[in-house]
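Each chain, written out:
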Amino acid sequence: MEFRFIGYTTVERPVGNASNIDVTLATDAEQLSEVVVTALGIAREEKSIGYSSQTVSGEELNQVRETNIVNSLSGRVAGVQVGTNSGAMGGSARVTMRGVSSISGNNNALFVVDGVPIENSNTNSTDQQRGAGGYDYGSAIQDINPNDIAEVTVLKGAAATSLYGSRGANGVIVITTKKGNTKGGLGVTYTLGLTLDKVSVLPKYQNKYGGGYELSKIYKDENPEAFPEGRDGAYNDNDGKGSYDLIPDYDVDESWGPAFEGQLYRPYWSWDQELGNPNFGELARWEAKPDNIRDFFETGTTLTNSVAVDGSNEKGSFRLSYSNLDQSSILPNSELTRHNISFNGAYNLSEKLNVSASANYITHEAVGRPGTGYDGSNVLQQFTQWGQRQLDTDRAKNYMLPDGTQLTWNRTAWDNPAPKYSNNPYWVRYRNYQSDSRDRIFGNVNANYKLTDYLSADVRVSTDTYSETQEERIAPGSQEISDYTLYKIDFMENNIQGLLNFNKDLSESFSLNAFVGGNRMTRKRDIFSGSTVDGLSSEVYNLGASIGRPDITDIKTEKQINSVFASASLGFQDQVFLDLSARNDWSSTLPEGENSYFYPAASLSYVFTELIDAPWLNMAKVRAAVAQVGNDTDPYNTILTYQLRQPFGSDSRVSVPNTLPNAELKPEISTEYEFGTEWRVFDDRLGLNATYYNRITENQIIPLSLSAATGYTFRYINAGEVENKGFEVNLYGTPVKTSDFSWDINVNWAKNQNKIIELTEDQNTMVITNAPFAVRLEAREGESFGSIIGYDFRYNDAGEKIVLENGTYARSAEQGVIGSILPDFTGGVTNSFRYKGLTLSALIDFQKGGDFFSTTQMWGRYSGMLEETAEGNIREEGIVAPGVLEDGTPNTNAIDAETYFYANGGYRVHAVDIVDASYVYLREASLGYSLPTSLTGKTPFNSVRLAFVGRNLWLIDSNSKHVDPSNITNSITNVQGIEGGALPSVRSYGFTLTLGL
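Residues numbered from 1 in each chain as written. Predicted model: local features only at pLDDT ≥ 70, side-chain atom pairs only at ≥ 80, totals over all residues. Heavy atoms only, no water.

Going by an unreviewed UniProt entry, the protein chain carries the name SusC/RagA family TonB-linked outer membrane protein and comes from Pontibacter saemangeumensis. Under the Sequence similarities (unreviewed entry) heading, UniProt states for the protein chain: "Belongs to the TonB-dependent receptor family." (UniProt positions renumbered as here; feature names shortened; annotations may be inferred.)

In structure tokens form, the structure reads like this:
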């Protein structure tokens, strides 16, 4: 008789006349690595599944810990694109798989933690998403504690995710957390992590010329009140006008001023005697401050303490953990604190009944998240897009006069300290700051009852709920009108799921693994937002301090999806596996009678290892799959609803939405075909997993433009067709392996081709968003999603740029496609070297192609802040624009640098500031050492490991001169490729110490 079970070695025992046979199966590490967690948490043998999946261990993800686990997936999984922003403390991390399928809907992957679907929405404002300013509050998945993760399984295709219904339409990331140990008794693990964060990539600034346009003279005889008693002006031309001081154009936020030659001048902080300024009358040198921007940023720290206690016996197991994250970011007055408490437990109440539970509590508080995009809350706006290169950021720390008046470099005039355009950067950080907090609970209770040896029933109840508060402030005395904004959200989602499982060998040749089940999901979301109007009556940040009647919005939404599903996997001789599955959802957000949608899926895998029967071949498999998945819509898009407005006097007011609902909306439907092969050879020293897929998404839910005369500006319709097709390759191996040394390498590569086949009968373009000043993002028939639309150069038939007689470039007559946000291909390479207890690993990730529009580059050139605006002697000699005149002769007309960078800049010719988003990045590296047992045996610990780690270490190659192209993500929405004011990327390095008892 043969005894076998997934994850254990096979044992054969003769039966003979014995009535009882005792068998112990030993753990088989090799087989365990071949077990994959599939949809709904069902464990399957890897060889039996007919679709692509990829697993990353928690140990690999935590070699270099990230505060957001999503960032650690970058470059590790083929076909998964991760957009990050390391400079935005706790900012967004966007995950897309196999391209963009929904034009106006959600394209983010679903996260499932121990069977609990995790809410991962983003509350960033529309302006923030399009680079026009605001705060990046991140996505809620960052609440997951990386130290609790055992492994992450990525399910990419429709066949793999169809059992999750509409929520799995964009792929599913299944996170399995750590459970109690299997060795018996109690165990304790303590982990200490500390990283230091430094600014990495900043724009390249010019350091030849100062702010404004000129240095003006202020004479003591004409303005004696401007000079301290007993001091004459610094200069005297002996022209009879007396002595004078030099003053720059404080009210100009550009750097087209005089060359730095060490002249004495009156800085912005040398005025305001009547306001008690102790520095009145001081002089400074007109000189560059090459490192002033870098010096403004601080050394951030991220300190993590985690402790976990686990245990087990013959009846059950448990794990209880606590983790504390304390982060100070690179910006002044920025802190993030997070506490995680997690429990996992399982217990056998009887031989047939097992119960398990998982519970997580997370609380976080943040103060001083960085502003983003083109906005005064983002200090990069005044450091790069505008500004004056002589700014002394150390002196700027004194941002207030004794009476509380703001002291800014961009004052209106020498005798008027009011800010003209920009606040003092430290005023921004300490007075105009935001804060937010969130309390969250998620978890599940599961019961499994074994009806027979091959039949079991499973019931799971799960919940995910949180309350979040966000506050934003603009202090009185700022350049902007003082303001206070309050935003609160209460969210709850509950799921109840039942499964009936069948798993049996039907004969020597056939096996069947099947289940049927149902799920009910209910979701509630309450949103309250309020903002003051016409300023604040005091520095009390409260809606009650509003001078005008505050603007209040209160929104409540509910959604429910009822589902039934079934799956069957028929195996033949442990070589051929046919999977059939189906799910039907009934969504409350779709019209009654039209709210049912069906997801069929089929896959076939053939393991032909024995057919080849070669000693070097460990496994060979081909697979094919076809499936359909749907995507519904948000609540109240099918029925007309009314929103209460603030009353007019005693009369109530209501309004209708700008978008006309559609009572006949249908779900979006994606049909995907997938083919792949998997090979493992040379005792698993070399492996390959390759996939081709083709996905067509139809019935797009699109807001169609309407004439405002109808009372609406948009109407939801079903139309449009989007195609995604591509290849994914995962190549891995161990080139060198001895008893003491090994070298492992893992290569991921993916290429996706996206095309919008059709939009609507009446409309072949759809605007996704407009950038703050130039270009817009569109979906266009015949193009890929995310076409960047704007003015290009005008070219002659030979492809040469045409220059006008005034020396500036001719602009195209019409706007057209000048870029695309989607990359040509992405990937990553991980190398790991192990020598006894020493481990060295490094991850390089890369992207080829894709574009973004850089507002930083556009305004930084326009304002004379960036390096290229002062190259050579162009400010004295002018610039000749390369190109030809209308008659084909070369252009020889030189124009002044200021005119050149305006007329030939991205504000007028948008294509100038389209930047290639390609990059090659040394994303992370670690060097660790585990003490041998001969040493740990002399300590209280059974394991000790110390690792030195680093992340975002080196931007190896990039075509972007001023902005890190991998660091421009503002949100998790479809609005990408618009860089409104990029924060600097952050390089982190530190250590991790792990102690085990």
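1. Some remarks on the overall build of the protein chain
Per the secondary structure count, the protein chain includes twelve helices and 54 strands. What you see for the protein chain is a C-alpha radius of gyration of 32 Å, in line with the 30 Å of a compact globule of 997 residues. Along the first, second and third principal axes, the C-alpha set of the protein chain runs to 125 × 75 × 70 Å. Residue pairs in contact within the protein chain that sit at least 24 positions apart in sequence constitute 69% of those at least 6 positions apart. Here the protein chain has roughly 41,900 Å² of accessible surface; of this, 52% comes from carbon and sulfur atoms. The protein chain carries 82 positive and 123 negative side-chain charges, and their two centres are separated by 4 Å. (Helix = DSSP H or I, 4+ residues; strand = E, 2+ residues; numbered from the N terminus. Rg over C-alpha atoms; globule rule 2.2 N^0.38 Å. Contact = heavy atoms within 4.5 Å. Areas by Shrake-Rupley, 256 points an atom, 1.4 Å probe, with all protein chains shown as cover. Lys, Arg positive; Asp, Glu negative; His and termini not counted. Charge placed at Lys NZ, Arg CZ, Asp CG, Glu CD.)

2. Considering the pattern of salt bridges
In the structure shown here, the tally under the stated rule is 50 salt bridges. When the shortest N-O distance is used, the salt bridge between Asp-579 and Arg-44 registers 2.9 Å. In this pair, Asp-579 is assigned in strand β31 (residues 576-587) and Arg-44 in strand β4 (residues 43-45), connecting sequence segments 535 residues apart. Across the pair Asp-237 and Lys-217 runs a salt bridge, and its minimum N-O distance is 2.7 Å. (Salt bridge = Lys/Arg side-chain N within 4 Å of Asp/Glu carboxyl O.)

3. Observations regarding the UniProt feature "domain: TonB-dependent receptor-like beta-barrel" (unreviewed entry) in the protein chain
Mapped onto this structure's residue numbering, the UniProt feature "domain: TonB-dependent receptor-like beta-barrel" (unreviewed entry) falls at residues 396-800. Helix makes up 2% of residues 396-800 and strand 63%, with an end-to-end C-alpha separation of 47 Å.

4. Some remarks on a nonpolar patch on the surface
On the surface, a nonpolar cluster with roughly 770 Å² of combined accessible area is contributed by Tyr-835, Leu-838, Leu-840, Leu-927, Tyr-929, Leu-931, Leu-935, Leu-946 and Phe-948. Mapped by element, the contributors of at least two residues to the nonpolar patch are β46 (838-848), β51 (919-930) and β52 (943-958). Checked against the element boundaries, Tyr-929 lands in strand β51. (Patch = residues over 30% accessible without salt bridge, like charges linked within 9 Å, V, L, I, M, F, W, Y side chains within 5 Å.)

5. Focus on empty space enclosed by the protein
By the definition in use, this model includes twelve cavities of 30 Å³ or more. Of the pockets and cavities examined, the second largest cavity occupies roughly 220 Å³. Arg-44, Tyr-51, Leu-163, Ser-567 and Asp-579 are the residues nearest the centre of the second largest cavity, which is lined by 21 residues in total. If you list the elements that add at least two residues to the lining of the second largest cavity, you get α4 (158-161), β29 (510-531), β30 (551-572), β31 and β32 (596-607). A per-class count over the lining of the second largest cavity returns twelve nonpolar, seven polar and two charged. (1 Å grid on protein atoms, 1.4 Å probe; cavity = no way out; pocket = protein on both sides within 12 Å on 5 of 7 lines; lining within 4 Å. Points joined across faces, edges and corners; volume = space filled by probe spheres on them. Nonpolar A, V, L, I, M, F, W, Y, C, P; charged D, E, K, R; others polar.)

6. Quick word on the sheet that holds strand β9 (residues 116-118)
Read from one edge of the open sheet, five strands run β5-β11-β12-β8-β9, paired in mixed fashion. If you trace the sheet from one side to the other, it starts and ends with β5 (53-57) and β9, each paired once. Averaged over all pairs of adjacent strands, the angle between their axes in this sheet comes to 25 degrees, without regard to strand direction. Bridge count between strand β8 (residues 110-113) and strand β12 (residues 172-177): four bridges; the pairing is parallel. (Pairing = 2+ DSSP bridges. Axes fitted to C-alpha atoms, helices over the stretch in contact; angles between N-to-C directions.)

7. Describing the environment of Lys-504
Here Lys-504 shows up in strand β28 (residues 483-505). Looking at Lys-504, the relative accessible area reads 35%, which means it is partly exposed. Discounting chain neighbours no more than four positions away, the residues touching Lys-504 are Tyr-454, Ser-511 and Leu-512. (Buried < 20%, exposed > 50% of the residue type's maximum accessible area, 1.4 Å probe, protein only.)

8. Quick look at the UniProt feature "domain: TonB-dependent receptor plug" (unreviewed entry) in the protein chain
UniProt feature "domain: TonB-dependent receptor plug" (unreviewed entry): in the numbering of this structure it lies at residues 47-172. Note that residues 47-172 is 10% helix and 24% strand, and that its end C-alpha atoms are spaced 20 Å apart.

9. Structural notes on unusual backbone geometry
Notably, Gln-573 is not glycine yet its phi reads approximately 55 degrees, a positive angle. With respect to the element layout, Gln-573 can be found in the loop between β30 and β31. A relative accessible area of 42% means that Gln-573 is categorised as partly exposed. Even without a glycine there, the phi angle at Asp-574 is positive, about 55 degrees. Position of Asp-574 relative to the elements: it lies in the loop between β30 and β31.

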